[in-house]
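Summary of the model geometry
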Amino acid sequence: MLSILGIKDEELKDIVIKEGYEPYRAQQILDWIYDKAIPDFYSMSNLPKELRNFLSDNFSVLPFEPLSYIRDEDTVKFLFKTKDDLTFESVLIFHHNRVTVCLSSQIGCPIRCKFCATGDSFHRNLTYEEIIGQYIFAKGYIRRDIRGIVFMGMGEPFLNEENVYKTIDTLISKIKISPRHITISTSGIPQGIENLSLRKPNVRLAFSIWTPDEEKRKLLVPLANKYKLDDILKSLRKYVSVTGNRISVEYTLLKGINDSLNDAYKLVKLFSDIPVFFNVILYNPKDRPTEIYRTSIEEAQRFVDLLKSLGKEAYLRISKGLKISGACGQLRSTYERVE
Ligand code: SF4
């Protein structure tokens with residue numbers, strides 16, 4: 001069944017008129033979906049019963065089926081099944097009074113980072129409907145506004161640019177979310193970074209670097225063989241000169257691999273002329289045998305302190321969702337193994 005999320009507003013109005021209803025009914029439907037996040041036509045109580053029946057017989061709101069969820073005190077992780085029987089996930093993160101949703105842009109990920117469960121496979125890009133549908137589902141689930149959006153779920157957003165930008169347009173224009181509260185996180189696609197500065201200069205950028213060492217990076221992130229750090233840094237400088245925004249550099253500590261104090265010195269040198277702040281993250285181990293381990297909090301704190309003493313803003317982040325097996329892709333891979 002066709003998801004109504006993919007139907008343009010004007011087309012929806014035409015459909016409603018063709019069925020014999022007043023044009024304002026289309027706006028009522030849109031309000032139920034985007035304002036109230038109601039993913040079911042039968043609950044749209046101010047629509048005539050026959051119109052609700054017609055919509056339910058011919059369309060779905062969400063283009064996927066919610067399969068399961070896991071929650072702890074800080075996070076809720078949802079698993080969805082697509083019409084072509086693939087699974088993907090999104091995560092709600094509660095921090096103080098704020099709620100942020102972490103959206104996926106692909107099913108699996110073609111970047112294939114060595115330490116990431118999502119990178120074990122790649123199936124396809126998510127459609128626009130599947131991406132915006134994650135937001136609507138999450139908002140409907142918690143029954144309150146979600147004002148923070150991060151494209152940090154499964155996949156590399158700059159490899160699915162058109163659907164990600166279409167989602168961002170909807171978030172800004174229909175749901176009235178400030179572009180400053182939307183962040184795209186990339187593993188380092190130079191053209192994507194430059195495009196963002198031109199297409200959505202107020203949307204925030206995060207770059208996951210993993211290591212300041214080019215050779216090591218090639219081992220950890222196969223994509224690094226294609227996109228050199230030098231090229232990425234050039235695109236980051238361009239991004240800053242166009243937007244004036246600072247960039248968040250995401251740095252996940254991997255024990256014995258990238259967590260030495262020497263790595264911290266190298267990082268600061270690499271970004272000496274780029275306005276960044278560092279989010280240093282404790283690795284969230286995959287729930288299966290792995291060669292990669294978590295750095296201790298004491299060592300992580302020393303790493304962060306050194307970045308600060310060298311003049312950079314830096315924060316230590318304890319990964320949300322650890323108790324629910326929360327590194328990207330883990331819920332899905334757990335589900336797939338169980339199946
Ligand atoms: S860490 Fe991010 S970029 Fe790397 S494989 Fe996982 S989802 Fe893709």
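Residues numbered from 1 in each chain as written. Predicted model: local features only at pLDDT ≥ 70, side-chain atom pairs only at ≥ 80, totals over all residues.

1. Here's the deal with the sheet that holds strand β12 (residues 247–253)
Strand order in this open sheet of 10 strands is β3-β4-β5-β6-β9-β10-β11-β12-β13-β14, and the pairing throughout is mixed. Looking along the sheet, the strands with just one partner apiece sit at the ends: β3 (64–71) and β14 (313–317). Across this sheet, the average inter-strand angle for adjacent strands is 20°, counted without regard to direction. (Pairing = 2+ DSSP bridges. Helix = DSSP H or I, 4+ residues; strand = E, 2+ residues; numbered from the N terminus. Axes fitted to C-alpha atoms, helices over the stretch in contact; angles between N-to-C directions.)

2. Concerning the nonpolar core
Side chains of nonpolar character tend, in soluble globular proteins, to be buried together. Core analysis: the largest hydrophobic core is formed by 90 residues, its most contacted members being Val101, Tyr135, Val249, Tyr251, Leu253, Val280 and Leu307. Looking at which element gives the most residues to this core, the answer is helix α4 (residues 128–142), with seven residues. Counting residues domain by domain, this core receives three or more from each of domain 1 (2–60) and domain 2 (64–338). Here valine 101 is in contact with Ser90, Leu92, Tyr135, Ala138, Ile146 and Ile149, once residues within four sequence places are set aside. (Core = buried A, V, L, I, M, F, W, Y, C linked by C-beta atoms within 7 Å. Buried ≥ 20, exposed ≤ 12 C-beta atoms within 10 Å, placed from the backbone. Domains from an automatic or database assignment. Contact = placed C-beta atoms within 7 Å.)

3. Examining unusual backbone geometry
Positioned with a positive phi, alanine 37 is a non-glycine residue whose angle comes to about 55°. Counting through the fold element by element, alanine 37 comes out in the loop between α2 (24–35) and α3 (49–58). Its 21 C-beta neighbours within 10 Å are what place alanine 37 among the buried residues.

4. Examining the packing of helix α1 (residues 9–18) against α2
In the contact formed by α1 and α2, the axes pass within 8 Å of each other and the chain directions differ by 125°. Classed by the angle they form, the pair α1 and α2 counts as oblique. Seen from above, α1 lies across α2 with right-handed handedness. For the pair α1 and α2, the contacting residues are Asp9, Leu12, Lys13 and Val16 in the first and Arg25, Ala26, Ile29 and Leu30 in the second. When its residues are assigned to classes, the contact of α1 with α2 shows five nonpolar, no polar and three charged. (Parallel < 35°, antiparallel > 145°, perpendicular 65-115°, else oblique. Left-handed = near helix turned anticlockwise from the far one by under 90°. Nonpolar A, V, L, I, M, F, W, Y, C, P; charged D, E, K, R; others polar.)

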